[in-house]
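# Geometric and topological summary
Below, each chain spelled out in residue letters.
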Amino acid sequence: MPQFSDRIIVIGAGPVGLCLSLKLAQEGVAVCLIEALGDDNFLEQVPRAGTNHPATLEMLDAIGLYERLEPRGIVAPRFQYRERQDNALIAEFDHAHLKDDTRFPYVLQCERIKIVEEALKLAKAHPSIELRLATTFTSFTQDADGVTAQVTNPAGEDEAIRGAYLVSGEGARSIVRKDLDIAFEGFTYPDRTLNIEVAYDFRTHGFAERNYISDPDEWSNLFHWKGPPDRWRVHFPTEPEEDEAALTRPDALQARLQRFLPTGSDFDIVGTNLYVVHQRVAQKFRKGRAILAGDSAHVNSPIGAMGMNSGIHDAFNLAEKLAAILRKEAGDDVLDRYERQRRHVAVQHTQAQTIRNKRLLAEKDPAVRKKNHEELRRTAEDPKRARAFLLRSSLIESLREAEAIQ
Ligand SMILES: Cc1cc2nc3c(=O)[nH]c(=O)nc-3n(C[C@H](O)[C@H](O)[C@H](O)COP(=O)(O)OP(=O)(O)OC[C@H]3O[C@@H](n4cnc5c(N)ncnc54)[C@H](O)[C@@H]3O)c2cc1C
């Protein structure tokens, strides 16, 4: 078996695995990237992430992805908090307050599938990346010199792949995390989120490209997803006992949308899906030569758009450290710093903020709702406080804090 003592095995060509591979390759490190999906079904993935925060855009730019994504996305500098009752605006935040903090004072609404499609093209073209599509990772072993990943290749044969380190970018169901017996600590919300994709221009009703809508009975999120032609996504909570077939019946979807925004005529619904939301962080991000990144290390509610963003931030942090180890500029212990930095961000930023975001939108106590909304309004109106708020919501503060962790 060839030794490949200097290469990194990355499992999963999701946004995290691909960004990690491209960054490692840029640093001169050889990568073997293993992905279960093949060319024939790679683009048939369920719609997921779509909002890319400023700090992530800087990273995507550094690996040549931003220029490919901007023309395929929507530049959105502003987002709103709204009250569902009377469709009233509570507060609007403008990323322009971050003009001295980032080259990208806006978010880019660009779906995960477009990111992985463009990143996959770059990975295919990179001589340092050996891309193994239609190859399923099944298990691994590690020893003092490296790791051996067991995979099932496109011919259906078992194959062993050797490398120096193995990174799990496999997503929430990570085999690596389970094999390492690492607890995935946290909880799962009892209610599922219903996503309805609609062809409609909600801006004509005063909405921004991203809207967080507060309501004691049925909070929601509304995002401009792509266009033209316009595609928007509306998220609603559902009761745990509600039947999926009943929830997604066309007349039930229309009735729900009409309650949300009475237009008097049917919405053009182009898709729907129901998903379960978890708030979990792996107890450890690293054991020996096996490392977790992205959803395999942490999962959270999409309210605030932090899952994929923070996963890409993991990837960049880790790539620099792995490259330094392989160039013999750093010892293996820098991977413990990766864990300290990124686990801190997962717990103190992404978990804390997404849990808080949901609580804010769903708050039932009228006095607390009033106080929260006034606080948001005052924050948005004061440039200093608005900037501080945006530094947190866009994850810039999380990166600065992580940098200070030794
Ligand atoms: C409705 C919804 C909306 C969201 N919106 C946002 C948002 O706006 N912003 C945001 O930041 N996040 C958002 N998220 C979260 C985001 O989608 C995830 O955090 C992100 O996709 C995680 O990326 P990943 O690369 O870690 O894992 P994944 O995207 O899950 O990719 C994992 C990859 O690994 C492959 N794989 C898995 N197992 C194996 C195996 N055994 N062998 C080989 N390959 C394997 C899979 O095929 C896949 O390609 C949203 C999530 C949902 C559900």
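Everything quoted here is computed from the prediction, not taken from an experiment. (Residues numbered from 1 in each chain as written. Predicted model: local features only at pLDDT ≥ 70, side-chain atom pairs only at ≥ 80, totals over all residues. Heavy atoms only, no water.)

### Describing helix α9 (residues 334–362)
Defined as follows: Only DSSP runs of H or I covering at least 4 residues are called helices, and only runs of E covering at least 2 are called strands; the numbering of each starts at the N terminus. One less than the residue count of a helix, multiplied by 1.5 Å, gives the span that helix is expected to have. To get the bend at any residue, fit one axis to the seven residues that end at it and another to the seven that begin at it, then take the angle between the two axes.
With 29 residues, α9 extends 41 Å from end C-alpha to end C-alpha; this agrees with the ideal 42 Å at 1.5 Å per step. Within α9, the axis deviates most sharply at Ala346, by approximately 30 degrees.

### Overview of the packing of aromatic side chains
Threshold: Here a Phe, Tyr or Trp ring, Trp counted by its six-membered ring, pairs with any other such ring whose centre lies within 6.5 Å, and the pair is stacked when the planes are under 30 degrees apart, edge-to-face when over 60, and tilted otherwise. Two conditions define a charge located above a ring, namely a distance within 6 Å from the ring centre to NZ of Lys or CZ of Arg, and an angle within 35 degrees of the ring normal.
Applying the stated criterion across every chain, the model contains 20 aromatic pairs. Here the aromatic rings of Tyr200 and Phe202 are separated by 4.9 Å at their centres, their planes lie at 70 degrees, and the arrangement is edge-to-face. By the ring-pair criterion, three or more aromatic residues cluster together here, those being Phe79, Tyr81, Phe93, Tyr212, Phe223, Trp225 and Phe389. A cation over a ring is seen here: Arg82 above Phe207, with NZ or CZ 4.5 Å from the ring centre. Over the aromatic face of Tyr189 sits the side chain of Lys358, whose NZ or CZ is 3.7 Å from the ring centroid.

### Describing the packing of helix α8 (residues 307–326) against α9
When two helices pack together, their arrangement is given by the angle between the helix axes and by the axis-to-axis distance. Operational definition: All axes here are fitted lines through C-alpha atoms, helices being fitted over the stretch that makes contact, and every angle between N-to-C directions spans 0 to 180 degrees. Here is the rule for angles: anything less than 35 degrees is roughly parallel, anything more than 145 is roughly antiparallel, 65 through 115 is roughly perpendicular, and the remaining ranges are oblique. The contact criterion used is simple: two residues touch if any of their non-hydrogen atoms lie within 4.5 Å. For this classification, the nonpolar set comprises Ala, Val, Leu, Ile, Met, Phe, Trp, Tyr, Cys and Pro, the charged set comprises Asp, Glu, Lys and Arg, and every other residue, Gly included, is treated as polar.
Closest axis-to-axis distance for the α8/α9 pair is 10 Å, and the angle between their directions is 170 degrees. On the basis of the axis angle, α8 is roughly antiparallel to α9. The segment α8 lies against α9, with Ser310, His313, Asp314, Asn317, Leu318, Lys321, Leu322 and Ile325 engaging Val334, Leu335, Arg337, Tyr338, Gln341, Arg342 and Thr350. In the contact of α8 with α9, the residues fall into six nonpolar, five polar and four charged.

### Section: the nonpolar core
To be explicit about the condition: In this text, buried Ala, Val, Leu, Ile, Met, Phe, Trp, Tyr and Cys residues form a nonpolar core when linked through side-chain atoms within 4.5 Å. Residue burial is assigned from relative accessible area. The probe radius is 1.4 Å, only protein chains are included, and a residue is buried under 20% of its type maximum, exposed over 50%, and partly exposed in between.
Ile8, Leu24, Leu65, Phe137, Leu166, Leu318 and Leu322 are the most contacted members of the largest nonpolar core, which has 73 residues in total. Of all the elements, α8 adds the most residues to this core, at 10 residues. Once residues within four sequence positions are removed from consideration, Leu318 is found in contact with Leu20, Val167, Ile291, Ala293, Leu335 and Tyr338. With 21 residues, the next largest nonpolar core counts Ala55, Phe223, Ala380 and Phe389 among its residues.

### Things to note about the site of the ligand
For clarity, the threshold we go by: Whether a residue is near a molecule or strand depends on its heavy atoms: it is near if one of them lies within 4 Å of it. We define a polar contact as two N or O atoms separated by no more than 3.5 Å, with the added condition that, inside protein, one atom must be a possible hydrogen donor and the other a possible acceptor, whereas residues neighbouring each other in sequence contribute only through side-chain atom pairs. Computed with the Shrake-Rupley method and a 1.4 Å probe, the accessible areas treat only the protein chains shown as cover for residues.
With respect to spatial proximity, 30 residues lie near the ligand, and among them Glu35, Arg112, Asp295, Met308 and Asn309 are the closest. One of the side-chain N or O atoms of Glu35 is found 2.7 Å from an oxygen atom in the ligand. Asp295 has a polar side-chain atom sitting 2.6 Å from an oxygen atom of the ligand. Look at the ligand: alone it shows 1000 Å² of surface, and the protein chains cover 88% of it. Looking at the shell around the ligand, the elements that each hand over two or more residues are α1 (15–26), β9 (136–142) and α8. In the shell around the ligand, the residues fall into 14 nonpolar, 11 polar and five charged.

### What to know about the sheet that holds strand β3 (residues 51–52)
Selection rule: Paired strands, in this sense, are two strands between which DSSP finds at least two bridges.
The strand order β3-β7-β4 describes an open sheet built from three strands, whose pairing is antiparallel. Both outer strands of the open sheet, β3 and β4 (74–76), are each paired with one neighbouring strand and no more.

### Here we look at α8
For α8, built from 20 residues, the straight-helix expectation of 28 Å at 1.5 Å per residue is met to within 8% by its first-to-last C-alpha distance of 28 Å. Taken across its 20 residues, α8 has 19 buried, putting it largely inside the fold. Just downstream of α8, Lys328 is the residue with a positive phi angle, here 60 degrees.

### Here we look at the pattern of salt bridges
As a reminder, the rule being used: Salt bridges are counted wherever a side-chain nitrogen of Lys or Arg sits within 4 Å of a carboxyl oxygen of Asp or Glu.
With the rule as written, the count across this model stands at 40 salt bridges. Across the pair Arg387 and Asp101 runs a salt bridge whose closest N-O atoms are separated by 2.9 Å. In this pair, Arg387 sits in helix α11 (residues 383–393) while Asp101 sits in the loop between β6 (88–94) and β7 (107–109), placing the two residues 286 residues apart along the sequence. Close ionic contact of Lys114 with Glu111 constitutes a salt bridge, the shortest N to O distance being 3.3 Å. You can call Glu111 buried: its relative accessible area is 7%. Linked through salt bridges whose partners overlap, the residues forming this network are Arg68, Arg72, Glu117, Glu118 and Lys121.

### Some words on the sheet that holds strand β10 (residues 147–152)
Taken in spatial order, the three strands of this open sheet run β9-β10-β11, and their pairing is antiparallel. Strands at the two margins of the open sheet, each flanked by one partner only, are β9 and β11 (158–163). Strand-to-strand twist in this sheet, taken as the mean axis angle between neighbours without regard to direction, amounts to 25 degrees. Relative to β10, β9 is paired through six bridges, and the arrangement is antiparallel. Paired with Gln142 across the strands is Val147, a residue of β10.

### Quick word on the pairing of strand β17 (residues 268–282)
Relative to β17, strand β13 (residues 184–199) runs antiparallel, the two being bridged by 13 bridges. Within β17, the residue paired with Glu185 across the bridge is Val281. Bridge count between β17 and strand β20 (residues 298–299): two bridges; the pairing is antiparallel. Paired with Arg280 across the strands is Val299, a residue of β20.

Just geometry here; none of it tells us what the structure is for.
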